[in-house]
Amino acid sequence: MKVLLLENIHPVATQSLRREGFEVETRGGSLSEGELVEALRGISLLGIRSNTKVTSRVLEAATDLLAVGCFCIGTNQVDLVDAAASGVAVFNAPFSNTRSVVELVLGEIVALARRLTEKTQRMHDGIWDKSAKGSHEIRGRTLGIVGYGNIGTQLSNVCEAIGLRVIFYDTADRLAYGNARRVGSLEELLVEADIVSLHVDGRPGNAGLFGADQFALMKSGSAFINASRGMVVDDVALRDHILSGHLSGAAIDVFPAEPKAQGDPFESPLRGLDNVILTPHVGGSTQEAQEEIGAFVAAKLHQFVGSGATALSVNLPEVLPATTPGGFRMAYLHANVPGVLAAINLRLADAGVNIVGQSLSTRGELGYVVTDTDIALDEATLASLGRSPEAVWLRTWSS
């Protein structure tokens, strides 16, 4: 079974998959849609980060593809609806780089408050500029977190521990950590916070979330941080509010359009601005985080192929059967319509097969059932199930 890993995924993923018997090809950069269509011929598992787009066209052409591993948090680079309809499982690493992102943002909060980018640049230019002008402690200041998920909550805990007051806004119902306080609207957060940090996901509804109107609502002299998604923020509007002096600074790690490969040119309206930190989408790019992500997602891909497990899949129903099939295992992805489980079990009974374990889950228009039996199912029974109009795919394992 062949695996293609793109975008400099940590070597631990390659090592892990090769140990399990997979043939692994690695490439350093991302691929365009056309290049990916060509590259996926004969590929069963694909590993990507954030720059490679798995579109409807790619999925239609990738007839051998079983699963996509997103070696990052986000999955908006994959057409999840079409992937599910094609029976292609998609996995990510929702927790592995959380700490790395939080530490980057924490460092940026301090750097912006002390205007360290200006200070260090002047020192490199040979200018001794020892001044407290525009430099502040962060203790007692208010951090406004937009998006209170895995990263937002951990940032909340860390920042409160060093003396920041924390408020947050999220469209979902979230439990406040520590002394953090939930506010009722984004607008309420913007007028109160001294630092605003975005941690929202890449769903289409978040596109353009932050523009000129939102920057205008922020406190004079406040700072802005985006370590979430580039398409969320209007960088031209941010530039205008930096140049006008309304905002004291910004730290941006993600951009609406990002270079495809290491060393490619980078363009942004934010280049060259004082007290603006620009980083090349490295929020989760620490050795520790990338190693953890590599091991985690590689394990999910292997478990899916090796046992049918879909736990933590972002687009298929989640089933976590026993680690290894005990005898004979059949995994059946099907349309979520009434009567499928009953029909399966009736066919198994007619074949004289005893069920020793069974797990079923549904998600949207799909259902997924994993069945362990004491003996192998005959080819006629399997063929009959596979021909059912509700079938997406059927796979089997024998111990």
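For the structure given in this document, a descriptive report is provided here. For every chain, the first residue of the written sequence is number 1, and numbering continues from 1 onward in sequence order. Per-residue local features of the predicted model are confined to residues with pLDDT of at least 70, and side-chain atom pairs are confined, for both listing and counting, to 80 or more; whole-chain, interface and lining totals are unaffected and use all residues. Think of the side-chain values as coming from all heavy atoms in the structure, minus any hydrogens and water.

Thoughts on the environment of Phe91
Test applied: Numbering of helices and strands runs from the N terminus, with a helix taken as a DSSP run of H or I at least four residues long and a strand as a DSSP run of E at least two residues long. The classification of residues rests on relative accessible area computed with a 1.4 Å probe and restricted to protein chains. Under 20% of the type maximum is buried, over 50% is exposed, and intermediate values are partly exposed. Pairs of residues are marked as contacts when any of their non-hydrogen atoms sit within 4.5 Å.
Note that Phe91 resides in strand β5 (residues 89–91). Taking the relative accessible area as the measure of exposure, Phe91 reaches 0% and is therefore buried. Sequence-distant contacts of Phe91, defined by excluding residues within four places in its chain, comprise Ala67, Val68, Gly69, Cys70, Lys300, Leu301, Phe304, Ala309, Thr310, Ala311, Leu312 and Ser313.

A look at the packing of helix α1 (residues 11–19) against helix α11 (residues 287–307)
Inclusion rule: Only the contacting stretch of a helix is used when fitting its axis, a line to C-alpha atoms as for every element, and angles between N-to-C directions run 0 to 180 degrees. Here is the rule for angles: anything less than 35 degrees is roughly parallel, anything more than 145 is roughly antiparallel, 65 through 115 is roughly perpendicular, and the remaining ranges are oblique. Handedness of each helix crossing follows the sense of rotation of the near helix against the far helix: counterclockwise by less than a right angle gives left-handed, clockwise gives right-handed. When residues are sorted by character, Ala, Val, Leu, Ile, Met, Phe, Trp, Tyr, Cys and Pro go into the nonpolar class, Asp, Glu, Lys and Arg into the charged class, and all the rest, Gly among them, into the polar class.
Viewed as axis vectors pointing N to C, α1 and α11 meet at an angle of 30 degrees, and their least axial separation amounts to 7 Å. The angle between α1 and α11 places the two elements in the roughly parallel class. As for the relative orientation of α1 and α11, their crossing is right-handed in sense. For the pair formed by α1 and α11, the contact residues are Val12, Ala13, Ser16 and Leu17 on the first element and Glu291, Gly294, Ala295 and Ala298 on the second. When its residues are assigned to classes, the contact of α1 with α11 shows five nonpolar, two polar and one charged.

Regarding the packing of helix α5 (residues 98–114) against helix α7 (residues 150–161)
Orientation of α5 relative to α7, taken along the N-to-C sense of each, is 50 degrees, at an axis distance of 9 Å. One element, α5, and the other, α7, form an angle in the oblique class. Relative to α7, α5 is oriented so that their crossing is right-handed. Touching Thr98, Arg99, Val101, Val102, Val105, Leu106 and Ile109 of α5 are Asn150, Ile151, Gln154, Leu155, Val158 and Cys159, all from α7. Partitioning the contact of α5 with α7 into residue classes produces nine nonpolar, three polar and one charged.

Description of the pairing of strand β14 (residues 355–363)
The following threshold applies: Two strands pair under a simple rule: DSSP has to find at least two bridges between them.
Bridge count between β14 and strand β15 (residues 366–373): eight bridges; the pairing is antiparallel. The residue of β15 that forms the bridge with Ser359 is Val370. Linking β14 to β15, which pair antiparallel, is a turn of two residues; within it Gly364 sits at a positive phi near 60 degrees.

Comments concerning the pattern of salt bridges
This is how the line gets drawn: Think of a salt bridge as a Lys or Arg side-chain nitrogen and an Asp or Glu carboxyl oxygen that are within 4 Å of each other.
If you walk through the whole model with that rule in mind, you get 16 salt bridges. The residue Arg115 makes a salt bridge to Glu118 at a minimum N-O spacing of 2.5 Å. Across the pair, Glu118 and Arg115 agree in class, each one buried.

Regarding the sheet that holds strand β12 (residues 276–278)
With parallel pairing, the seven strands of this open sheet are ordered in space as β8-β7-β6-β9-β10-β11-β12. Whereas interior strands pair on both sides, the edge strands pair on one side only; in this sheet they are β8 (181–182) and β12. Looking at chain direction, strand β7 (residues 165–169) and β8 are connected through two bridges and run parallel. Looking across to β8, one finds that Ile167 is bridged to Arg181. Sitting on the sheet, α5 is in contact with β6 (142–146), β9 (195–198), β10 (222–226), β11 (247–252) and β12, with an inclination near 155 degrees to β10. Sheet contacts for helix α10 (residues 235–243): β10, β11 and β12; angle to β11, the most-contacted strand, approximately 145 degrees.

Quick word on the nonpolar core
Short version of the rule: Note on terminology: a nonpolar core comprises buried Ala, Val, Leu, Ile, Met, Phe, Trp, Tyr and Cys residues joined through side-chain atoms within 4.5 Å.
Within the largest apolar cluster, 30 residues are counted, with the highest numbers of intra-cluster contacts made by Leu5, Leu45, Phe71 and Phe304. Every element with two or more residues in this core is listed here: β1 (2–5), α1, β5, α11, β13 (328–335), β15 and β16 (391–398). Among the elements that take part in this core, α11 stands out by supplying six residues, more than any other.

Observations regarding α10
How we decide: The directions considered for the arc run from the helix axis to the C-beta atoms. For the purposes of these results, a polar contact is taken to be a pair of N or O atoms within 3.5 Å, where, inside protein, one atom must be able to donate a hydrogen and its partner to accept one; residues adjacent in sequence count only when each atom of the pair is a side-chain atom.
Considered for burial, the residues of α10 that qualify are Asp235, Ala237, Leu238, His241 and Ile242. Along α10, the residues classed as buried sweep out an arc of 155 degrees about the axis, all on the same side. As for α10, its buried residues are in contact with α9 (212–217), β10, β11 and β12. For α10, the capping residue at the N-terminal end is Asp234, with a side-chain oxygen 3.0 Å from the backbone nitrogen of Val236. Note on α10: the residue one or two positions beyond its end, Gly245, has a positive phi of about 90 degrees.

Looking at the sheet that holds strand β3 (residues 45–48)
Reading across from one edge, β2-β1-β3-β4-β5 is the order of the five strands in this open sheet, with parallel pairing throughout. Edge positions in the sheet fall to β2 (23–26) and β5, since each has one partner strand and no second. For this sheet, the mean inter-axis angle between neighbouring strands, taken without regard to orientation, is 15 degrees. Against the sheet, α11 engages β3, β4 (67–70) and β5, with an angle of about 165 degrees to β4.

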